[in-house]
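Observations on chain architecture
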Amino acid sequence: MKKLIFAASLFAFLFSSCAKKSGLLKIGVIQLVEHIALDANYKGFVDGLAEAGYVVGENIVIDYENAQGEQSNCVTIAQKLVNDKSDLIFAIATPAAQAVANQTSEIPILISSVTDPVSAQLVNSNERPGVNVSGTSDLTPCAAQIDLLKRLFPNVKKVGMLFCSSEENSRFQINLAEAQCDVVGLEYVEATVSNTNEVQQVVQSLVGKVDAIYAPTDNMIASTMATVALVTTPNKIPVMCGEDGMVQNGGLCTFGINYYELGRQTAKMAVEILRDGKNPAEMPIQYLEKCDFSYNEDTARELGVVFPADLLES
């Protein structure tokens with residue numbers, strides 16, 4: 001174990017030293033967990049940088065670190081990226097962003113896959129952050145998703161709200177979704193999990209109690225969506241998802257944002273900081289204007305769902 005720790009420390013030292021000597025800009029990346037949406041967010045960021053002329057190995061180096069869903073790992077990685085004197089840090093998902101924001105008030109930080117940076121206590125306001133943090137929000141159209149659920153399943157009476165109790169992003173979205181349920185006359189019951197081991201049991205507990213499930217852009221649910229589908233699909237329970245990656249892993253459908261494009265948009269902000277010297281404190285949080293409809297063909301077939309033509313053409 002000591003040898004592994006020493007090797008990791010040596011690698012970090014050599015990484016920092018080589019970047020410094022070569023004159024390459026150092027970009028640190030901290031990602032909370034691996035799943036389709038966050039991975040696409042990162043890829044879009046790297047591709048967006050390349051499109052602007054910032055290419056890995058030519059004029060930038062990227063130190064990509066994944067916390068594997070562990071908050072303690074987020075803190076350790078954040079400390080490493082700050083100690084390495086990164087020129088900019090890209091933080092993907094709220095816990096990752098919070099960890100690195102707590103470590104430095106000087107290094108520019110761009111965040112993404114964060115629903116509401118204000119409620120996450122990352123910025124003073126979304127219009128004028130006032131700190132070294134800015135970036136893009138993945139705020140999904142929660143009300144429109146509930147409207148879509150009601151349209152596709154007019155006989156639905158009660159919806160299960162499935163999310164991780166410790167994710168501020170999820171609570172923010174759930175509040176919006178529940179408010180829209182009140183508008184359209186749907187009952188709802190909250191079903192929360194605190195770790196991945198609880199997901200299957202919690203979803204199973206909803207069988208016979210709800211007619212449908214709503215899952216926002218929640219990192220824990222997204223990473224276990226295949227497990228959710230193992231319960232919901234055989235029991236004919238449609239799952240309206242917050243984003244397309246969850247749909248690909250077994251959810252029914254969504255009307256949501258494109259995380260790859262969100263990453264590209266964040267890259268444009270990075271270029272403004274690295275090339276133009278912009279200050280994150282004065283850069284408003286940005287949002288994607290366009291949302292896309294997507295669905296899982298296999299899930300739709302098993303549930304016997306036929307989508308309206310206008311949705312398929314959108």
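Calculation rules
- Residues numbered from 1 in each chain as written.
- Predicted model: local features only at pLDDT ≥ 70, side-chain atom pairs only at ≥ 80, totals over all residues.
- Heavy atoms only, no water.
- Salt bridge = Lys/Arg side-chain N within 4 Å of Asp/Glu carboxyl O.
- Helix = DSSP H or I, 4+ residues; strand = E, 2+ residues; numbered from the N terminus.
- 1 Å grid on protein atoms, 1.4 Å probe; cavity = no way out; pocket = protein on both sides within 12 Å on 5 of 7 lines; lining within 4 Å.
- Points joined across faces, edges and corners; volume = space filled by probe spheres on them.
- Nonpolar A, V, L, I, M, F, W, Y, C, P; charged D, E, K, R; others polar.
- Core = buried A, V, L, I, M, F, W, Y, C linked by side-chain atoms within 4.5 Å.
- Buried < 20%, exposed > 50% of the residue type's maximum accessible area, 1.4 Å probe, protein only.
- Contact = heavy atoms within 4.5 Å.

By the definition in use, this model includes 13 salt bridges. Note that R264 and E261 form a salt bridge whose closest N and O atoms lie 2.8 Å from each other. Taken together, the residues span about one helical turn, with R264 and E261 both in helix α11 (residues 259-274) at a distance of three residues. One continuous salt-bridge network, built from bridges that share partners, spans D63, E65, K80 and D84.

Considering only enclosed or pocket space, the largest pocket measures out at about 350 Å³ in volume. Every element with two or more residues in the lining of the largest pocket is listed here: α4 (94-101) and α8 (219-223). Each residue belonging to the lining of the largest pocket can be placed in one class, and the counts come to five nonpolar, nine polar and three charged. Considering only enclosed or pocket space, the second largest pocket measures out at about 240 Å³ in volume. Lining of the second largest pocket is provided by 10 residues; of these, E65, N73, T76, I77 and K80 occupy positions nearest its centre. Counting only elements with at least two residues in the lining of the second largest pocket, the list comes to β2 (60-66) and α3 (71-83). Sort the elements by how many residues they give to the lining of the second largest pocket and α3 lands first, with five residues.

Okay, the nonpolar core next. Counting 45 residues, the largest nonpolar core has I27 and L49 as its most contacted members. Going through the elements one at a time, β1 (25-31), α2 (36-51), β2, α3, β3 (88-92), α4, β4 (109-114) and α11 are the ones with two or more residues in this core. Broken down by element, the residue count for this core peaks at six residues, all from α11. Here L49 is in contact with I27, Y54, I60, I62, A267, A270 and V271, once residues within four sequence places are set aside. In terms of nonpolar packing, the next biggest core, distinct from the first, is built from 25 residues, C142, L148, A212 and M240 among them.

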